[in-house]
Amino acid sequence: MNAAAASATVANSSFYSQTQCRLSSDLRGSIPFSKVKRFLFLNDVHPRKSGLVLVPRAADGKDSNEGGDEVEKQQRVMQQPPVSLSLDDVNPVGLGRRSRQLFDEVWRKFSGLGQISRTIRSDDQEALDALLVREGPMCEFAIPGAQNTTVLVVGATSRIGRIVVRKLMLRGYSVKALVRRADQEVVDLLPRSVEIVVGDVGDPTTVKAAVEGCNKIIYCATARSAITGDLFRVDHRGVYNLTKAFQDHNNKLAQSRAGKSSKSKLLISKFKSESSLHGWEVRQGTYFQDVLATKYDGGMDAKFEFTENGDAVFSGYVFNRGGYVELSKKLSLPLGYTLDRYEGLVLSVGGNGRSYVLILEAGPSADPSQSRLYFSRISTKVGFCRVRVPFSSFRPVKPDDPVLDPFLVHTLTIRFEPRRQKPVEVNATMQQDLRSFKLILEYIKALPTGQETDFVLVSCSGLGIEPSRREQVLKAKRAGEDSLRRSGLGYTIVRPGPLQEEPGGQRALIFDQGNRISQGISCADVADICVKALHDTTARNKSFDVCYEYIAEDGRELYELVAHLPDKANNYLTPALSVLEKNT
Amino acid sequence: MKMALLKAPTPQLQWRCSVAPTTLAFPNSHSISAGRGKGREWSWRVKCTTSATTSGGGSAEIEKGAANFSPGSPVRATNILVVGATGTLGRQIVRRALDEGYDVRCLVRPRPAPADFLRDWGATVVNADLSKPETIPATLVGIHTIIDCATGRPEEPIKTVDWEGKVALIQCAKAMGIQKYVFYSIHNCDKHPEVPLMEIKYCTEKFLRDSALNHIVIRLCGFMQGLIGQYAVPILEEKSVWGTDAPTRIAYMDTQDIARLTFIAIRNEKLNGKLLTFAGPRAWTTQEVITLCERLAGQDANVTTVPVSILRFTRQLTRVFEWTNDVADRLAFSEVLSSDTVFSVPMADTYNLLGVDSKDIITLEKYLQDYFSNILKKLKDLKAQSKQTDIYF
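Residues numbered from 1 in each chain as written. Chains lettered and ligands numbered in written order. Predicted model: local features only at pLDDT ≥ 70, side-chain atom pairs only at ≥ 80, totals over all residues. Heavy atoms only, no water.

In the nomenclature of an unreviewed UniProt entry, chain B is known as NmrA-like domain-containing protein of Phaseolus vulgaris. Recorded in UniProt for chain B, the comment headed Subcellular location (unreviewed entry) runs: "Plastid". (UniProt positions renumbered as here; feature names shortened; annotations may be inferred.)

As annotated in an unreviewed UniProt entry, chain A is NAD(P)-binding domain-containing protein from Phaseolus vulgaris.

Here's what the structure looks like:
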């Protein structure tokens, strides 16, 4: 307490001299001595009073804290402020300011009563904060999960891209923008907190930098001209580069978690050595059980072998009418893995471009008699390719059976049958016998499932392009779409009608599949669909056309079109897309 | 390029545009006179001598002037300018516009702390000050629609922004061929000429009508957002809430709804030149709002009720001195409050006109409920956090 008293005296004396000066200068020393003294006395009381206030608090501190050092420290801490406070308390300027603040506050409230509605004042910090709570993250636009999501917008300066970026910003996403050049013009066009990445979609290295740290991609870049080179670079190669870079990025993340990531594929079979063929069994059969038919048949044969080149080859021929050969294996998944966490199969195969039937046998493993068969037709190309077969594309062999439950799958079969083979275009002149086949197997993996779409691609419906260029443009766009579908990413492909520069949300929209739309659509509506699709499970792995509502011509209204009006309140996308086919 | 000059020796306003081939004197003679009498006699009035003689020659010149500004390509209908974009309503207008795909330019006063949030949302910000009319024309280039939700700050004289600034803006809009002008006014502003702000708004409405600009006037009652700072926050902080015993009822409306309806109205060509009034679903008195807040917050408010008569008395008092005139203007609403007015209109016709479902308009109960449930949850989280980090000495 000594220190406190001392400093208080010092403060006092300094104050004394100060008042004396002030008094003498202000009133020219005309105040009688007694008055000054009384004034001083009054002031004298004050610091002592605050010192008294201090004591119980310090005592409190002593009680609760045993450490002597700490007590001392504490005392010093506690003693300092009251002393300076005492100075402030008597400072006439401070007093004046405080009283004015007090009066201002009361006055503000008072005069506020006379207003019908108040505007936000910049100094009204609390009210502003409260409003930000209301308007900021919790406003009508906010989407749960947006805060942790980084979206890469490719073509952020395009007609759709600009609006997409704004919509994402309003909803609280982190946004990266891939632009060709970061001119002042471009920088001004984009919101300031958007991270700008300079690069070209045609250049795989810059694309790699762009996808770093992104969770989702919206691709709305489009070729500026109809020059074939441009089309190829942006609409086809660009999409390919992005999907590849994004998959690589995901794989890198998956690897860092030692294949345990939800993004990792599950290896079912890898045909890299002689021993990997173990467990696969070749069978043959026929669809017709009657004996009569077999009379003119040339028989069939098939083998599965590991060649010197290091390929696992399934090859043979089927000359029997209604005959087939198949390659089958009982699946043995690693412990703890079940196929219901996966979305489909991907096969890396080569060969002479025949189509095959993939058959899954599902049922309780204990009781083989209850197994049900599900099939899906796949077609391959000449040379190597990767084929994605989603579980949703499998149909029961017996139409009455329930839909496939991937959890119960225990056997995988690849079947070749000579029926329904399309002639291979490339070697049409060579007159291949479609009843022989060769299938080189590299691997079979299960694709990880995902709830949401990873990649939204804005393509085009082909309407509104001048007819001479349409073929070229569409070819590039479709090639881009294909590379996205094959990438294994969750995708949404939006094919809008001719774009119109007008505000969105005004007219009902039609979502359709199969090139039947005939109207245009506003850029803002397309942007809205892109942003909504990011978190919509029904949008995953779908391609669809979209345009404004129109009245179908007589005789052409063979299908039902569901019109949906975009609005903030209703989520029009989910019901519109849920009726559409998946994996298109 | 210096686009325009404004010689504005108050109280007479004259508009000159150096770009137009001939001097563009605005055809209407609008004068504003601030009569400063003595004592109770004092009242400053905005005289709207609205002679609607828009001479053919004059407008032709204006067309020519407008043509000079935009040779060639037409202005896109998605280019809009929002005046007063940082305000309670303005920011909602900007957000709504951006979300609907408009290209939004915001006219913002130059200030030390720039309105960054507008840029973050993707709007373009241009600096101009309505009270300095020479800064206006450059901001209007390439604009199709102006949405004007600016109001002067409470601490500055009403006249500079709300009358002189608006007149300059409207004249400039006319001269530069702006194709639509949306103006927000106050409900019942024609019935209370004794309140300066309301009179100014009413005169601006008239001025706009006479300017032959393609326009929509929207009259508003009260914003729900204003109630948060006025009642909800003080109640939560257990501070005293100031209310009046006025019997006035106000139909508060969510600014987000106002913004939504505004854009529906803008796109409807049938509404050009119309006067719309937007009101909330129900009219509330101050006491009712406080009671509602108390119920939702789960705690009683420390209400300080100020009788309207005191407000009126203070107003009379402040009118006596010239230096308190601004204060008197602000308190002028007390006249309105003491009259038994209901700030509300039946909205059925408006909803029909706009094609809006009344169910989509948020009610005050729902609005405050959302607010309180959000904030109470947040407070709970904060308390849970602070408990872990509390250090006792």
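Past the structure itself, the notes keep going.
Draft legend 1. Expanded view of the side chain of Asp536(A). All names here are of chain A. Mapping aspartate 536 onto the fold places it in the loop between α11 (523-533) and β22 (542-548). Although buried, aspartate 536 forms no salt bridge, and the nearest oppositely charged side chain, lysine 542, lies 7.5 Å from it. Once residues within four sequence positions are removed from consideration, aspartate 536 is found in contact with Asn571, Leu573 and Thr574. (Helix = DSSP H or I, 4+ residues; strand = E, 2+ residues; numbered from the N terminus. Buried < 20%, exposed > 50% of the residue type's maximum accessible area, 1.4 Å probe, protein only. Lys, Arg positive; Asp, Glu negative; His and termini not counted. Salt bridge = Lys/Arg side-chain N within 4 Å of Asp/Glu carboxyl O. Contact = heavy atoms within 4.5 Å.)

Draft legend 2. Seen up close, the pattern of salt bridges. Tallied over the entire structure, the rule returns 39 salt bridges over all chains. Where Arg495(A) meets Asp545(A), a salt bridge forms, and the shortest distance between an N and an O atom there is 3.4 Å. Of this pair, Arg495(A) sits in strand β18 (residues 491-496) while Asp545(A) sits in strand β22, placing them 50 residues apart in sequence. Here the two residues Arg495(A) and Asp545(A) agree in accessibility, since each one is buried. Overlapping salt bridges bring together Arg159(A), Arg162(A), Arg166(A), Glu501(A), Arg76(B) and Asp103(B) as one network.

Draft legend 3. Representation of the nonpolar core in the model. Among the nonpolar cores identified, the biggest contains 105 residues, and Val94(B), Val104(B), Phe278(B) and Phe372(B) are the most heavily contacted of them. Among the elements that make up this core, the one with the highest residue count is helix α4 (residues 158-175) of chain B (9 residues). Both of domain 1 (74-220) and domain 2 (224-250 + 281-344 + 362-392) of chain B provide at least three residues apiece to this core. In this view, Val104(B) contacts Ile80(B), Val82(B), Val94(B), Ala97(B), Leu98(B), Ala123(B) and Thr124(B); residues no more than four positions away in its chain are not counted. In terms of nonpolar packing, the next biggest core, distinct from the first, is built from 43 residues, Ile163(A), Val175(A), Val494(A) and Leu573(A) among them. (Core = buried A, V, L, I, M, F, W, Y, C linked by side-chain atoms within 4.5 Å. Domains from an automatic or database assignment.)

Draft legend 4. Geometry of the packing of helix α6 (residues 159-170) of chain A against helix α2 (residues 88-99) of chain B. Contact pair α6(A) / α2(B): the axes reach a minimum separation of 9 Å and the direction vectors enclose 135°. Of the possible angle classes, the one that applies to α6(A) and α2(B) is oblique. In this structure, α6(A) uses Ile163(A), Arg166(A), Lys167(A) and Leu170(A) to contact α2(B), whose residues at the interface are Arg95(B), Leu98(B) and Asp99(B). In terms of residue class, the contact of α6(A) with α2(B) is built from 3 nonpolar, no polar and 4 charged. (Axes fitted to C-alpha atoms, helices over the stretch in contact; angles between N-to-C directions. Parallel < 35°, antiparallel > 145°, perpendicular 65-115°, else oblique. Nonpolar A, V, L, I, M, F, W, Y, C, P; charged D, E, K, R; others polar.)

Draft legend 5. Structural detail: the sheet that holds strand β3 (residues 79-83) of chain B. Residue and element names in this part refer to chain B. With parallel pairing, the 7 strands of this open sheet are ordered in space as β5-β4-β3-β6-β7-β8-β13. The strands lining the two open edges of the sheet, one partner per strand, are β5 (124-127) and β13 (275-278). On average, adjacent strands in this sheet sit at an angle of 20° to one another, irrespective of strand direction. Where strand β8 (residues 215-220) meets β13, 4 bridges bridge the pair, whose relative direction is parallel. What sits directly across from valine 217, in β13, is leucine 275. Contacts from α4 reach β3, β6 (145-148) and β7 (180-186), with the element oriented near 160° to β7. The sheet contacts of helix α7 (residues 255-267) involve β3, β6, β7, β8 and β13, and relative to β7 the element is tilted by about 140°. (Pairing = 2+ DSSP bridges.)

Draft legend 6. Just the environment of Gly280(B), in detail. Residue and element names in this part refer to chain B. Following the sequence through the fold, glycine 280 ends up in the loop between β13 and α8 (286-297). For glycine 280, a relative accessible area of 3% translates into the label buried. As for glycine 280 and leucine 220, which are separated by 60 residues in sequence, their C-alpha atoms are 9.2 Å apart. When residues no more than four places from it in sequence are discounted, the contact partners of glycine 280 are Ala251, Tyr252 and Met253.

Draft legend 7. Here's a closer look at a nonpolar patch on the surface. Taken together, Leu376(B), Leu379(B) and Leu382(B) make up a surface patch of nonpolar side chains, about 230 Å² in accessible area. As for its placement among the helices and strands, Leu376(B) is situated in helix α13 (residues 364-389). (Patch = residues over 30% accessible without salt bridge, like charges linked within 9 Å, V, L, I, M, F, W, Y side chains within 5 Å. Areas by Shrake-Rupley, 256 points an atom, 1.4 Å probe, with all protein chains shown as cover.)

Draft legend 8. Local environment of the side chain of Glu481(A). All names here are of chain A. Tracing the sequence through the fold places glutamate 481 in helix α10 (residues 467-486). In terms of polar contacts, glutamate 481 uses its side chain to reach the side chain of serine 459, at 2.5 Å. With residues near it in sequence (within four places) discarded, glutamate 481 still touches Leu457, Ser459, Ile493 and Arg495. (Polar contact = N/O pair within 3.5 Å; in protein donor to acceptor, adjacent residues only side chain to side chain.)

Draft legend 9. Structural detail: the confidence of the model for chain B. The predicted model of chain B averages 74 in pLDDT, with 71% of residues at 70 or higher. Overall fold confidence for the complex sits at a pTM of 0.68, while the interface term, ipTM, reaches 0.72. (pLDDT = per-residue confidence, 0-100.)

Draft legend 10. Region of interest: the packing of aromatic side chains. Across all of its chains, the model carries 16 aromatic pairs over all chains by this definition. Judged by centre distance (5.0 Å) and plane angle (65°), the rings of Phe314(A) and Phe437(A) are edge-to-face. Highlighted residues: Phe314(A) in strand β8 (residues 312-318) and Phe437(A) in strand β16 (residues 436-448), separated in sequence by 123 residues. By the burial criterion, Phe314(A) is buried, and Phe437(A) matches it. Through a chain of ring-to-ring contacts, three or more aromatic side chains come together here, namely Phe271(A), Trp280(A), Phe304(A), Phe314(A), Tyr356(A), Phe416(A) and Phe437(A). Geometry around Tyr443(A) places Lys445(A) over its ring, the cationic atom sitting 4.4 Å from the centre. A cation over an aromatic ring shows up here: Arg282(B) above the ring of Trp284(B), its NZ or CZ 4.1 Å from the ring centre. (Phe/Tyr/Trp six-rings, centres within 6.5 Å; stacked < 30°, edge-to-face > 60°. Lys NZ or Arg CZ within 6 Å of the ring centre and 35° of its normal.)

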